[in-house]
Every structure is written in C-alpha cells, then in structure tokens.
Amino acid sequence: SIGPEAWQKFFELNQWILDEICPNRVFLISCAEDVKDVVVLEKGDEVPKNMRGGGGTSFKAAFDYIEADPDNLVIEPLLAIYFTDGWADDHKQMDEPEYPVLWLSYDKPADHFPWGEFAEITVA
C-alpha cells in the first residue's frame, strides 16, 4: 500500500545505510501478505531502484522469512529495520524476535507498535 514516494525514501535510506554505516551485508525484504522479493547487498553495492511488492500487509511474513531462512542465506540479524506505513496489526500477536527491531513508520504512531523501537519518518 506504499506509494512511489515511500519506495524512493526506502531505497534512499538503505543506500545511506550501505554508504555511511557500512554493514557487511544488508537484506532487503519486500513483504505484503507474503514475501515478494529479497535482495542481498554488500559493501559497495547499489540499492535497486525497485522491488516486487503489492498485496495486503503482514508484518509477520517478513519475520517468518528471516526465521526460516528459506534461501539458506544464514540470516542472523543484528538489527531489523521495518519501513512501513503501519497498516497491519498481526505484529500485536507476535512474540518479539531475539534481535532488535526498529519500526520506521510514516503513517502510524509509536503506540501502534507494541515492541521494538520506533521512529516517525516523512516520505515527501
């Protein structure tokens, strides 16, 4: 349900993370009712300008993907940053994962996210 401005902000934020924080690896997971696309990036890579998406929102699907590691990517996250409009509620019935989670939302307030850290962002 996110528009082109939100996608652009998502890609810009991830490029900043790659360029300025310099993690060894970043996994971009596009998720709706299920995982739609996965991109693995390493130092020096360029973030793609688009990813597959669309459909309803399920936060749980992305966390389930990380836990299951279906592509044998050996995901042991140090941090998950979830960029979202916030229009889902399934996270309220989930157990908080072992790793830290930062919710970046441009449409829902902090009290919509019962666990993890929260930061409000703008997409314009």
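Residues numbered from 1 in each chain as written. Predicted model: local features only at pLDDT ≥ 70, side-chain atom pairs only at ≥ 80, totals over all residues. Heavy atoms only, no water.

The next subject is the pattern of salt bridges. Evaluated as defined, the whole model comprises seven salt bridges. Arg52 is the salt-bridge partner of Asp37, the closest N and O atoms lying 3.3 Å from each other. A residue pair is termed long-range when its members are at least 10 positions apart, and Asp37 in strand S2 (residues 35-42) and Arg52 in the loop between S2 and helix H2 (59-68) qualify at 15 residues. One salt bridge in this structure joins Asp89 and Lys92, with 3.5 Å as the shortest N-O distance. Sharing partners across several salt bridges, the network here consists of Glu33, Asp34 and Lys36. (Salt bridge = Lys/Arg side-chain N within 4 Å of Asp/Glu carboxyl O. Helix = DSSP H or I, 4+ residues; strand = E, 2+ residues; numbered from the N terminus.)

Considering the arrangement of structural elements, one finds Asp71 in the loop between H2 and strand S3 (80-84). Between the C-alpha atoms of Asp71 and Phe11, which are 60 residues apart in sequence, the distance is 22 Å.

Another aspect to go through is the packing of aromatic side chains. Evaluated as defined, the whole model comprises 16 aromatic pairs. Ring centres 5.6 Å apart and planes at 65° place the aromatic pair Phe63 and Trp115 in the edge-to-face group. Separated by 52 residues along the polypeptide, Phe63 in helix H2 and Trp115 in the loop between strand S4 (101-105) and strand S5 (117-120) bring together distant segments of the chain. You can call Trp115 buried: its relative accessible area is 8%. Taken together through their ring pairs, the aromatic side chains of Phe59, Phe63, Tyr82, Tyr99, Trp103, Phe113, Trp115 and Phe118 make up a single cluster. Taking NZ or CZ as reference, Lys108 lies 3.6 Å from the ring centre of Trp87, over its face. (Phe/Tyr/Trp six-rings, centres within 6.5 Å; stacked < 30°, edge-to-face > 60°. Buried < 20%, exposed > 50% of the residue type's maximum accessible area, 1.4 Å probe, protein only. Lys NZ or Arg CZ within 6 Å of the ring centre and 35° of its normal.)

All we've got here are geometric facts, nothing functional implied.
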